[in-house]
Every structure is written in structure tokens, then in C-alpha cells.
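# Observations on the three-dimensional arrangement
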Amino acid sequence: MKSERPDRGRELRRELISLLLVYAALSVLPLLSGFACQGGV
Amino acid sequence: MSRLRQIRALLTAWLTIDFFGKSRRLGKRGSGTLTTSVFTQGSLSYGFALLNFPPEQSPTLFAAGTLAMVGGFTMLAMLGELQDQLGHAADRDLVLASPITKASFFLARGLHVCLFLVIFNVGLAIPPALLSIWTTGRVWAPVPYIGLSIVFAATLTCAFQIPVVLAQRLRGQDFAASLAALLRALLTGGVFLGLLIGLRTMISGPNVFPGGMAAVEWLPPYWFAEVFESVCGGPAASARGLWLTLAIPPLVGISLLLVALLPDRSHSSRRSGKAHAWWMHHPVPLTRPEHGLFVLVVRMLARERSFRLRALPLLGLPAAIVAMGLAGGIAEDQLPYFLAVVHILPLAYLPFLLAFLPYAEGFQASWLIEANLGDPAGTYRRAVATAFAVLMVPVQAILFGIDVWQRGPIDAAITTAIALGVTWAVLPHLVRQIHTTCFSLDPEEFAIPPGLGGLAGLGMVLTVTAIAIEALPGLARTAAAIALVVFGIATLSRPARRLA
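Residue indices follow the written sequence of each chain, beginning from 1 at its first position. For this description, chains carry letters from A and ligands carry numbers from 1, given in the order in which they are written. Per-residue local features are limited, in this predicted model, to residues with pLDDT of at least 70; the limit for side-chain atom pairs, both in listing and counting, is 80 or more; totals at the level of whole chains, interfaces and linings are taken over all residues.

Right, let's talk about the overall build of chain B for a bit. In terms of helices and strands, chain B carries 19 helices and 0 strands. C-alpha atoms define the radius of gyration, and 2.2 Å times the number of residues to the power 0.38 defines the globule rule. In summary, chain B has a C-alpha radius of gyration of 26 Å against a globular reference of 23 Å for 500 residues, a match within 12%. In terms of its C-alpha atoms, chain B occupies a principal-axis envelope of roughly 75 × 65 × 40 Å. We count a stretch as a helix when DSSP gives it H or I for four or more residues in a row; a strand needs E for two or more, and each element gets its number in order from the N terminus.

So this is what it looks like as C-alpha cells:
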């Protein structure tokens with residue numbers, strides 16, 4: 001039976017991706033508010 | 001193992017601890033903890049930036065206020081992180097016993113601190129950085145904003161780390177940890193105060209800031225904001241702002257490095273030499289085991305790392321509220337009630353401090369006490385009540401000083417006596433929430449005790465009582481103070497009822 005070898009870096013990489021997603025989520029609202037309050041740049 | 005692989009291994013291990021924290025330490029798989037806090041603090045930063053985003057806002061003030069907020073929050077997170085790193089004995093032993101060269105270790109640690117700062121700071125800086133597109137009219141404004149905010153947060157962190165490292169070199173790790181906890185308490189209160197004052201300044205203009213525009217211009221966030229403005233095509237930064245922004249970060253960095261290079265003069269075996277400190281002399285009759293635990297509790301409150309890190313910073317918030325109230329100017333007729341509440345605040349906060357008492361990093365040593373006492377929790381209850389009753393005296397003495405400054409000695413003495421009497425009378429009841437041996441649980445498994453809501457309600461009742469007593473006429477108030485002090489001492493001195 002082949003034993004499952006854990007990939008130590010995989011979960012860390014996944015967490016880094018979710019951190020990037022959090023950054024993306026944090027950028028959406030300010031952009032929307034900026035356009036809503038002041039229009040185009 | 002090559003140096004690069006050593007550094008990579010250390011970085012991966014530390015980042016895994018940062019991201020997965022508690023769940024990994026317990027050997028479980030779980031979702032990240034750092035990502036969640038980046039998201040919540042980033043949302044807070046967005047709310048703060050949006051509140052200061054009216055069309056007529058001065059771009060420099062907007063940048064200065066948000067930079068101060070981002071820098072302050074990042075610094076608070078970093079100071080906690082720097083204290084936690086290598087604080088766990090198991091981690092320290094594992095890292096220091098592994099075949100890693102000194103240079104790799106310091107390089108990895110430096111890289112990790114920088115990475116953590118950038119990860120946290122970027123999350124906080126994104127919302128104001130994007131809003132600054134509209135305040136400056138430049139699409140690329142977020143890039144210099146985020147860059148400057150990272151430099152600003154790093155400078156702030158280094159500046160506050162200097163006294164901690166200096167204390168560690170001269171007086172040892174214990175003293176440094178106490179100083180760091182005190183600094184964090186002051187900073188938590190300071191950041192809270194700064195948020196309120198900064199918000200008011202950004203909305204109503206610099207005239208409402210204590211000291212006016214001249215004071216704002218002397219604060220580091222303003223220099224960074226000026227540089228940011230001139231980078232984005234605004235008016236050129238003043239020579240002072242430009243030079244200070246360029247000179248201070250390297251200066252602070254070099255100072256920290258120099259302090260860190262000082263030889264370590266502390267010795268773990270050195271004893272304080274004070275066999276009988278002032279707090280050991282109290283009139284409460286205690287049995288020998290109770291007295292032993294009383295001494296242990298007072299010493300542990302000062303020395304226990306998990307207590308210092310978690311419980312003491314909580315005290316920053318009430319301190320900030322008191323400072324703000326006194327600085328804001330309170331009407332003459334309301335001052336006695338405000339001071340009555342200030343005197344009762346330490347007692348109202350006690351249940352939260354008591355919630356941290358069952359935890360200690362050396363929790364496995366609690367068998368020593370459990371094996372020797374018939375009712376360890378009961379003995380502890382009396383020891384803890386006496387410890388806090390004694391420690392409340394210097395706390396009330398400080399408040400007495402503030403009170404004398406505000407009202408004069410006689411009123412201050414009466415209110416202080418009332419607060420002490422109430423505290424001593426209530427303490428034996430408050431400590432009933434202690435059901436386990438103190439310092440016997442792992443701080444990693446901290447859980448909020450179930451009855452804390454009710455005890456917080458008790459804090460409200462006590463506050464109302466203090467105000468009611470303050471409203472009594474002079475003679476009745478003096479009589480109440482004497483009666484409460486006598487009743488308090490009698491309650492404390494009564495032998496504890498043993499649990500069946």
C-alpha cells in the first residue's frame with residue numbers, strides 16, 4: 001500500500017493564496033466607494 | 001545543509017506558526033488565524049479611511065491620519081509577535097539545538113520579521129491607499145503610499161523595541177517582558193485615544209487637535225504624508241519633513257542594532273534580595289498554606305509571561321478613557337461622580353483579570369500544590385482575595401493622587417476609602433469564580449469562563465453604587481466610608497467557608 005506523503009508546503013501555499021484573495025477583497029470596497037463618492041479619477 | 005535551505009526551513013516553520021497558530025501547536029489541521037485578523041483589521045482601516053473621505057478633505061491630512069492609524073495598528077501587532085517569537089520553550093530548544101549557523105538564524109529571523117510586517121501592513125494599508133487615488137488624482141498613488149506606510153510602521157516598531165531590548169540587555173528577560181507589557185498597555189490606550197483625536201482632526205480640521213496645526217506638523221505621520229504628497233505631484237514637501245522622513249528610519253534602525261549588540265549583563269540566577277517586600281505586611285490572618293499561596297500569587301502576577309502578555313494590555317483602554325475624560329474637561333458638578341467611577345474601575349475590571357489566573361506556562365508544576373493541599377482551590381481563593389486586596393492599595397493611592405489634583409485631599413481621601421472598602425468587601429465573593437487550582441492550565445487552551453457576563457453586570461451595579469454613595473451629603477459620605485472600610489476588613493479577615 002502506498003503511504004500518503006504529506007506535502008508540507010501545500011497548505012502554506014494555499015494560505016498565501018487566500019491571503020491574496022483577502023487583499024483583493026479589501027481593495028473592492030475602497031474602489032467602489034471612491035467611484036461612488038467622487039466619480040472617475 | 002546549505003545556508004539557503006536552512007533559512008527556507010526556518011521561514012516555512014515560522015510562517016506556518018504565524019498562519020495556523022494555535023491549531024498547529026495542538027497537532028490539528030485548521031484554517032489560518034493570521035489571514036482572518038488581516039481581514040478584520042483591514043476592514044477597520046477601510047471604515048476609518050472612509051469616515052475621513054469627504055470631497056473637501058486636505059490630501060495631506062488624509063494621508064497623515066490614515067498612515068498614523070495603519071502604523072499604530074501594525075506596530076501593536078508586531079510588538080506582540082516579537083514577544084511571542086521564541087517565547088515558547090519547546091520552539092526555542094528545537095531551533096537552538098538544531099545544526100543551524102548563527103548567521104542563518106539571524107538572517108531568517110530578520111526576514112521573517114520583515115515578511116510578517118509586510119503581510120500585516122499591506123492588508124491595513126490597501127483601503128486608504130486606494131482611496132488616496134481620489135485625494136491625489138494619481139492612479140499610481142497606492143504604490144508610494146503602501147511603500148511609505150511599510151517604512152513608517154517599521155520605524156515605529158523599531159523605536160518602541162529599543163527600550164525593550166535595552167532593558168533586556170541590562171536587567172534581564174523578566175524585566176524586559178514586564179516593560180513590554182506596560183508599553184503595550186500604554187500603546188493600546190494611546191492608539192485608541194489617537195484614533196478618536198485623529199478622526200476629529202481629519203473631519204473638523206487641524207484646529208481641534210491639541211496644539212493646533214503647529215503640533216500636527218511636528219508629528220512623524222505628517223512628514224511622511226508631506227513626502228507622499230510631493231511624490232504624487234502635490235506641493236513640494238518642506239525641507240524639515242523631507243529630511244526627517246529620510247533620516248529617522250535609518251537612525252532608528254541603527255540605534256536598535258547598536259542596542260541589540262550590547263553585551264548581555266543579566267543573570268538568571270540573580271535574586272532581588274528583598275525577602276520581605278512591603279506587600280507581605282498585611283493584617284489579614286492567613287494560615288501558613290494560605291500565606292504561601294498569597295506570596296506565590298503576587299509573584300506570579302508579576303512574573304507569569306502569559307498573564308503579562310494577555311491581561312495587562314487590557315488595562316490600557318480604561319486608562320485611555322480616564323485620560324480622555326480628564327483632558328476633555330468635565331463640568332464642576334459632574335466631577336465627583338466621574339472620579340467615583342474612576343476609583344471603582346479597577347474593581348470592575350478585576351473579574352477579567354481573575355479569568356486569566358488559572359493559566360500559566362509552567363502549568364505542569366501545579367501538581368506540587370495539588371498533592372499537598374486538601375482543598376487547593378479553596379486555599380487559592382483566600383490567597384487571591386488577599387493578594388488583590390493588598391495590590392489594590394497602591395492602585396488606589398495613584399488614583400488618590402489624581403483625585404487630590406482635581407478636587408483636594410479631603411474629598412479624595414473619602415472617595416478612596418469608599419472604593420477600598422467596597423473592594424475589600426466584594427473581593428471574597430468575586431474569587432468564588434475560581435474553581436480550579438490557579439496556574440494549572442495551559443495558556444494555549446484559554447477559554448472564557450462561563451459566568452463572566454454576570455460578573456461584568458456586577459461591575460455595572462458597583463459603578464451605580466459608587467455614584468449613589470458619592471451623591472450622599474458630606475457627613476453621611478464620611479460615615480459610609482468609615483463603615484465600608486471596617487466592613488471590608490472584617491469580610492476579608494473572616495476565615496473562608498470550606499466547600500462541602
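Attention shifts here to helix α2 (residues 34-51) of chain B. Residue and element names in this part refer to chain B. Expected helix span is given by 1.5 Å per residue-to-residue step, counting one fewer step than there are residues. When the terminal C-alpha atoms of α2 are compared, their 26 Å separation across 18 residues agrees well with the 26 Å that a helix rising 1.5 Å per residue should span. Residues with at least 20 other C-beta atoms within 10 Å of their own are called buried, those with 12 or fewer are called exposed, and the rest are partly exposed. The C-beta atoms themselves are positioned from the backbone. Within the sequence span of α2, burial applies to Leu34, Thr35, Val38, Gly42, Ser45, Tyr46, Phe48 and Ala49. Seen end-on, α2 carries its buried residues on one side only, within an arc spanning 165 degrees. Relative to its buried face, α2 has exposed residues pointing more than 90 degrees away, namely Thr36, Thr40, Gly47 and Leu51. Picture the helix axis, draw a direction to every C-beta atom, and the arc is the one those directions span.

This part covers the interface of chain B and chain A. Any pair of residues counts as being in contact when their C-beta atoms, constructed from backbone geometry, are within 7 Å of one another. In this complex, chain B contributes 24 residues to the contact, which on the side of chain A involves 17 residues. When residues of the side of chain B that touches chain A are assigned to their parent elements, the largest contribution, 9 residues, is made by helix α5 (residues 102-136) of chain B. Partitioned by chemical class, the residues of the side of chain B that touches chain A number 17 nonpolar, 7 polar and no charged. Only Asp, Glu, Lys and Arg are considered charged, only Ala, Val, Leu, Ile, Met, Phe, Trp, Tyr, Cys and Pro nonpolar, and every remaining residue, Gly among them, polar.

Glancing now at the environment of Glu444 of chain B. Looking at where Glu444 of chain B falls in the secondary structure, it is placed in the loop between α17 (409-430) and α18 (452-470). Taking the C-alpha atoms as reference, Glu444 of chain B lies 8.8 Å from Glu361 of chain B; in sequence the two are 83 residues apart.

For chain B, mean pLDDT is 82; residues scoring 70 or higher make up 90% of the total. Among the prediction metrics, the complex's ipTM stands at 0.85, with pTM recorded as 0.72. A score from 0 to 100, pLDDT tells how confident the predictor is in each residue.

A few words now on the packing of α5 of chain B against helix α6 (residues 142-171) of chain B. For any two helices packed against each other, the geometry is given by the interaxial angle and the distance between the axes. All names here are of chain B. Helix axes use the C-alpha atoms of the stretch in contact, all axes being lines fitted to C-alpha atoms, and the angles between their N-to-C directions lie in the range 0 to 180 degrees. Two numbers describe how α5 lies on α6: the axes approach to 8 Å, and their chain directions differ by 135 degrees. One element, α5, and the other, α6, form an angle in the oblique class. Note on packing geometry: the crossing formed by α5 with α6 is right-handed. Side by side, α5 and α6 meet where Leu117, Val118, Asn121, Val122, Ala125, Ala129, Leu130, Ser132 and Ile133 of the first sit next to Pro142, Tyr145, Ile146, Ser149, Ile150, Ala153, Ala154 and Thr157 of the second. In terms of residue class, the contact of α5 with α6 is made up of 13 nonpolar, 4 polar and no charged. Geometric relationships in this document are graded by angle, where less than 35 degrees denotes roughly parallel, more than 145 denotes roughly antiparallel, 65 to 115 denotes roughly perpendicular, and other angles denote oblique. Helix crossings fall into two classes, left-handed where the near helix is turned counterclockwise from the far one by less than a right angle and right-handed where it is turned clockwise.

The next point concerns the packing of α6 of chain B against helix α10 (residues 239-260) of chain B. All names here are of chain B. Running from amino to carboxyl end, α6 crosses α10 at an angle of 25 degrees, the nearest separation of the two axes being 9 Å. When the axis of α6 is compared with that of α10, the two are roughly parallel. Along this stretch, α6 crosses α10, giving a crossing that reads as left-handed. In contact with Val151, Ala154, Thr155, Cys158, Ala159, Gln161, Ile162, Val165, Leu166 and Arg169 of α6, α10 contributes Ile248, Pro249, Val252, Gly253, Ser255, Leu256, Val259 and Ala260.

This part is about the nonpolar core. All names here are of chain B. By size, the foremost hydrophobic cluster in this structure holds 67 residues, and its most contacted members are Leu67, Ala125, Phe224 and Phe228. The leading source of residues in this core is helix α3 (residues 59-84), at 14 residues. The residues contacting Phe228, other than those within four sequence positions of it, are Ala63, Pro144, Tyr145 and Leu148. By definition, a nonpolar core groups buried Ala, Val, Leu, Ile, Met, Phe, Trp, Tyr and Cys residues that are joined through C-beta atoms within 7 Å. Phe294, Phe307, Leu339 and Ala383 belong to the second largest nonpolar core, which has 46 residues in total.

Once that is clear, we can look at unusual backbone geometry. Residues and elements named next belong to chain B. Positioned with a positive phi, Phe439 is a non-glycine residue whose angle comes to about 55 degrees. Within the element layout of this structure, Phe439 appears in the loop between α17 and α18. Classification of Phe439 by C-beta neighbours within 10 Å gives buried; the count is 23.

Next up on the list: helix α9 (residues 220-231) of chain B. Residues and elements named next belong to chain B. For α9, spanning 12 residues, the distance from its first C-alpha to its last is 17 Å, which sits close to the expected 16 Å at 1.5 Å a residue. Counting buried residues in α9 gives 10 out of 12 residues, a clear majority hidden from the surface. Along α9, the residues that are buried comprise Pro220, Pro221, Tyr222, Trp223, Phe224, Ala225, Glu226, Val227, Phe228 and Glu229. Two residues or fewer after α9 comes Gly233, characterised by a positive phi angle close to 90 degrees.

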